[in-house]
Amino acid sequence: MNALYLHIPFCRRKCPYCDFFSVAEDSVQLEGYSALLIKHLQLAARQGVSGPFETVFFGGGTPSLLPPRRVAQILATAGELFGFDPQAEITLEANPGTVTAASLEGYRAAGVNRLSLGLQSLQPANLQRLGRIHSGDQARQAVTLARAAGFNNLSLDLIFGLPGQTLVALQAELEDFLALEPEHLSVYGLTIEEETPFHHQYRRGELSLPEEETAAAMFLAQHQQLAQRGYDHYEISNYARPGYPCRHNQRYWQRLPYLGVGAGAHSFQAQGFGSRWSVAPDLQRYAQQVAAGLDPAEQLESFDQRGAMAETLYLGLRTAQGVAEADFRARFGLGVGEAFTTAVAKCGGHLTFDDGHWRLRPEGWLLFDHLITPFL
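Here's what I pulled together on the structure shown here. Note that the coordinates shown come from a computational prediction; the quantities given were computed from them, not determined experimentally.

### A word on the overall build of the protein chain
Along its length, the protein chain carries 16 helices and 17 strands. Here the C-alpha atoms of the protein chain give a radius of gyration of 21 Å, agreeing with the 21 Å that 2.2 N^0.38 yields for 376 residues. The principal-axis extents of the C-alpha atoms in the protein chain amount to approximately 55 × 50 × 45 Å. When the 376 residues of the protein chain are sorted by exposure, 52% land in the buried category. As presented, the protein chain carries roughly 16600 Å² of accessible surface, and 50% of it is formed by carbon and sulfur atoms. Charged side chains in the protein chain number 29 positive and 39 negative. The centres of these two groups are separated by 3 Å.

Laid out in structure tokens, this is it:
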């Protein structure tokens with residue numbers, strides 16, 4: 001394992017669009033959870049997991065609810081047990097409204113060198129609609145404080161395709177984000193996830209999203225706007241200045257192994273054709289298993305060759321790098337065109353093969369779910 005994901009399932013308030021596992025913030029429970037993460041890491045080491053870690057990612061939930069001293073303890077334990085690559089990327093997700101100058105300085109001192117701020121918008125009406133706990137001014141202040149604390153690798157999240165949003169409004173919003181000069185931008189189209197408050201509102205007809213043509217125009221317009229400002233569109237929803245892609249997430253798309261720690265976390269093991277493991281999103285069960293020295297992860301799926309080939313394409317074609325034909329053939333004994341003749345043909349001109357790589361153009365990413373289905 002060369003990557004570590006830690007799930008911090010606590011939020012000050014649940015956003016109405018979110019379906020990630022999270023619970024209400026509880027300071028006592030949060031302190032105890034930090035100790036469980038350390039025990040989980042110790043258990044993984046005893047089971048033979050080895051490092052060094054090249055990337056670490058604190059995700060959630062709202063990891064910035066963890067006190068910096070706890071983040072420092074967790075990273076110190078991981079370093080002692082597994083070691084870190086000298087150039088390790090260590091990311092912490094944070095929400096404006098939960099960070100201060102002192103906490104950001106504490107995270108940086110603990111070893112966090114990449115900060116991902118969940119702004120989602122800078123417009124008051126949008127923030128209110130999305131149920132965010134911060135204002136636009138707090139978001140801008142969080143960026144200023146992060147820079148002052150020494151973070152020179154900063155990612156900002158933006159959600160588009162909001163109810164009533166126009167193309168012109170999105171372009172103006174992007175300019176506001178660009179004024180903050182982030183190294184990385186994650187730009188997600190709003191989706192209606194099952195059993196979320198937004199899902200219930202949508203079913204009752206109380207929530208309407210932009211038409212598909214409008215959403216497509218937004219996607220292509222942001223691609224052009226950000227490209228003109230020097231950002232590489234390196235994955236469907238992600239843009240980075242040269243040298244600043246999220247190395248941790250790239251491991252997911254490259255189907256490389258990683259260890260997931262915490263309630264609700266997932267892991268991927270690369271032995272054979274690969275297998276995926278999951279820790280149940282249940283704090284009480286997680287605490288009981290870890291305290292008893294039991295591995296809380298259960299196997300979700302074990303891949304055969306066909307499944308591994310399909311997932312390689314599903315993940316790789318999300319990225320601008322695409323899927324290298326030579327790597328695919330070395331791994332599976334045949335090329336993409338041989339393995340998926342019909343699926344490749346169905347993609348038509350959206351799927352290209354050049355420089356030894358299979359890729360989808362940005363216009364093809366708009367149809368990703370449709371184009372990838374024949375491969376699956």
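### Some remarks on the sheet that holds strand β13 (residues 275-279)
Strand order in the open sheet formed by three strands is β12-β13-β14, and the pairing between neighbours is antiparallel. With one partner strand each, in any of the chains shown, β12 (266-269) and β14 (297-302) form the two edges of the open sheet. Going from strand to strand, the sheet's axes swing by 25 degrees on average, the running direction of each strand aside.

### Concerning the packing of helix α1 (residues 27-46) against helix α2 (residues 68-81)
Packing of α1 against α2 leaves a shortest axis separation of 10 Å and a crossing angle of 5 degrees. In terms of their interaxial angle, α1 and α2 are classed as roughly parallel. Along the contact surface, α1 presents E31, S34, L37, I38, L41, Q42 and A45, while α2 presents R69, R70, Q73, I74, T77, A78 and L81. Residue composition of the contact of α1 with α2, by class: seven nonpolar, four polar and three charged.

### Considerations on the side chain of S278
Mapped onto the fold, S278 is located in strand β13. Residues contacting S278, with those up to four places away along its chain left out, are A265, H266, P296, A297, E298 and L300.

### Quick notes on the pattern of salt bridges
According to the stated counting rule, one finds 14 salt bridges in the structure shown. For R229, the salt bridge goes to E175, with nearest N and O atoms at 2.7 Å. With a gap of 54 residues between them, R229 in the loop between α8 (212-228) and β9 (232-235) and E175 in helix α6 (residues 167-178) connect regions that are remote in the sequence. By relative accessible area, which is 43% here, R229 ends up partly exposed. For E183, the salt bridge goes to R241, with nearest N and O atoms at 4.0 Å. Of the two residues, E183 sits in the loop between α6 and β8 (184-189) while R241 sits in the loop between β10 (238-240) and α9 (247-253), which places them 58 residues apart along the sequence. Three or more residues joined by partner-sharing salt bridges are found here, namely E31, R69 and R70.

### Brief notes about the environment of P67
As for its placement among the helices and strands, P67 is situated in the loop between β4 (53-60) and α2. Those residues in contact with P67, other than ones at most four positions away along the chain, are E31 and Y107.

### Some points on α6
Helix length check: α6, at 12 residues, gives a terminal C-alpha distance of 16 Å against a target of 16 Å (1.5 Å per residue), a fit within 8%. Residues L170, E173, L174, F177 and L178 constitute the buried set of α6. Down the axis of α6, the sector holding all buried residues measures 140 degrees, keeping them to one side. Of the surrounding secondary structure, the elements contacted by the buried residues of α6 are β6 (114-120), α4 (124-129), β7 (154-160), β8 and α8.

About the thresholds
Residues numbered from 1 in each chain as written. Predicted model: local features only at pLDDT ≥ 70, side-chain atom pairs only at ≥ 80, totals over all residues. Heavy atoms only, no water. Helix = DSSP H or I, 4+ residues; strand = E, 2+ residues; numbered from the N terminus. Rg over C-alpha atoms; globule rule 2.2 N^0.38 Å. Buried < 20%, exposed > 50% of the residue type's maximum accessible area, 1.4 Å probe, protein only. Areas by Shrake-Rupley, 256 points an atom, 1.4 Å probe, with all protein chains shown as cover. Lys, Arg positive; Asp, Glu negative; His and termini not counted. Charge placed at Lys NZ, Arg CZ, Asp CG, Glu CD. Pairing = 2+ DSSP bridges. Axes fitted to C-alpha atoms, helices over the stretch in contact; angles between N-to-C directions. Parallel < 35°, antiparallel > 145°, perpendicular 65-115°, else oblique. Contact = heavy atoms within 4.5 Å. Nonpolar A, V, L, I, M, F, W, Y, C, P; charged D, E, K, R; others polar. Salt bridge = Lys/Arg side-chain N within 4 Å of Asp/Glu carboxyl O. Expected span 1.5 Å × (residues − 1). Arc of directions from axis to C-beta.

Read these as geometric descriptors, not functional statements.
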